[in-house]
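This is what each chain is made of:
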Amino acid sequence: ERWAEIREALEPISGEALANAEEFVFAQRMVGMFNQQLFALRLSEEDAADCEDGMTEVFELAEKWSDGKVSVEETEVDDATVTTLRLPKEAPFQPGVARVGDVILFCTGPELLRDSVEQLQSDSGVSKFDDPRFKEAMEHLPEAEDVVTFFDAKQMWKSMADIGDVIREKGRNEEKAERG
């Protein structure tokens, strides 16, 4: 019975539209010890709306079946709705979905999703393409044909600066943790 409900929730999503999206963005952001993932695809506006509806229905099913352990949270970001499946606080990921016109976004963290939605709706948004280090690196490469990849190690190390504190805090009440 539950599989039937999941199939019904996913029914509006066009796998063909997702597979044939001509524009696709994959981004990551380190948050503490965990790498948050963002996927954005440009579809037709109808396919993007159907995808958002289908994922929201799946989140609502998870909430219904969780005995109160997870919830669905909707927040408005300008003209878009960010829908997050709030898992227990121990979970490093809080999956979410949003749509801005013909762009559908899936993300493992609500902050990255919210930032991305705001950036898509803003005429003055600053992106990694505006970063002087990125521009300098791209000057030394041939023009991209299909894919551009940029790994910002400096940003990664900056975001991991507090990792020692996180590890110490998590291990504080762990009986098996070595104390020195």
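None of these values were measured; they are calculated from a predicted model.

J.: How should I be thinking about the overall build of the protein in this particular structure?
T.: Scanning the protein from N- to C-terminus turns up seven helices and six strands. In sequence order, the protein lays out its α and β elements as α-α-β-β-α-β-β-β-β-α-α-α-α. The contacts in the protein between residues at least 6 apart in sequence include a share of 47% that link residues at least 24 apart. Accessible area for the protein stands at about 12,500 Å²; split by element, carbon and sulfur atoms hold 50% of it.

J.: What is the right way to look at the sheet that holds strand β2 (residues 34–42) in this model?
T.: The strands making up a sheet associate through hydrogen bonds between their backbones, and the pairing can be parallel or antiparallel. Spatial strand order, β1-β2-β6-β5-β4-β3: six strands in an open sheet with antiparallel pairing. The open sheet is flanked by β1 (23–31) and β3 (71–77), the only strands paired with a single partner. When strand polarity is set aside, the average angle formed by the axes of neighbouring strands in this sheet is 15 degrees. With respect to the sheet, helix α3 (residues 45–65) is in contact with β3, β4 (80–86), β5 (96–100) and β6 (103–107), its orientation differing from that of β5 by roughly 155 degrees.

J.: I tried to follow the packing of helix α1 (residues 2–10) against α3 on my own but got confused; where do I start?
T.: The relative placement of two packed helices comes down to the angle between their axes together with the axis-to-axis distance. Running from N to C, α1 and α3 cross one another at 155 degrees; their axes reach a closest spacing of 7 Å. Taken together, the axes of α1 and α3 lie roughly antiparallel to each other. Residues R2, E5, I6, A9 and L10 of α1 form the contact with α3, whose own contacting residues are G54, E57, V58, L61, K64 and W65. Of the residues belonging to the contact of α1 with α3, the class tally is six nonpolar, one polar and four charged.

J.: So what exactly am I meant to see when it comes to the side chain of Q94 here?
T.: If you trace the backbone, Q94 turns up in the loop between β4 and β5. Engagement of the side chain of Q94 in a polar contact is seen with the backbone oxygen of A91, the distance being 3.5 Å. Here Q94 is in contact with T84, L85, R86, L87, P88, C107, T108, G109 and P110, once residues within four sequence places are set aside.

J.: Even after reading the chapter, I still don't get the pairing of β3, so can you show me in this structure?
T.: Residues in a regular strand point their side chains to alternate faces of the sheet. Direction of pairing for β3 relative to β4: antiparallel, over a ladder of seven bridges. Across the sheet, the residue bridging to E73 is T84, located in β4. The hairpin formed by β3 and β4 contains two residues between the paired strands, and D78 there has a positive phi angle of roughly 55 degrees.

J.: How do you make sense of the packing of aromatic side chains when you look at a structure like this?
T.: With the rule as written, the count across this model stands at three aromatic pairs. With a centroid separation of 6.2 Å and an interplanar angle of 45 degrees, the aromatic rings of F24 and F39 are classed as tilted. Remark: F39 occurs in strand β2 and F24 occurs in strand β1; sequence separation between them is 15 residues. With centroids separated by 5.0 Å and ring planes inclined at 35 degrees, the aromatic side chains of F26 and F39 adopt a geometry described as tilted. Here the residue F26 occupies a position in strand β1, and F39 occupies one in strand β2, the gap between them amounting to 13 residues. Judged by its relative accessible area of 32%, F39 is partly exposed. Pairwise contacts between aromatic rings join F24, F26 and F39 into one cluster.

Rules used throughout
Residues numbered from 1 in each chain as written. Predicted model: local features only at pLDDT ≥ 70, side-chain atom pairs only at ≥ 80, totals over all residues. Heavy atoms only, no water. Helix = DSSP H or I, 4+ residues; strand = E, 2+ residues; numbered from the N terminus. Contact = heavy atoms within 4.5 Å. Areas by Shrake-Rupley, 256 points an atom, 1.4 Å probe, with all protein chains shown as cover. Pairing = 2+ DSSP bridges. Axes fitted to C-alpha atoms, helices over the stretch in contact; angles between N-to-C directions. Parallel < 35°, antiparallel > 145°, perpendicular 65-115°, else oblique. Nonpolar A, V, L, I, M, F, W, Y, C, P; charged D, E, K, R; others polar. Polar contact = N/O pair within 3.5 Å; in protein donor to acceptor, adjacent residues only side chain to side chain. Phe/Tyr/Trp six-rings, centres within 6.5 Å; stacked < 30°, edge-to-face > 60°. Buried < 20%, exposed > 50% of the residue type's maximum accessible area, 1.4 Å probe, protein only.

Purely geometric numbers; function is a separate question.
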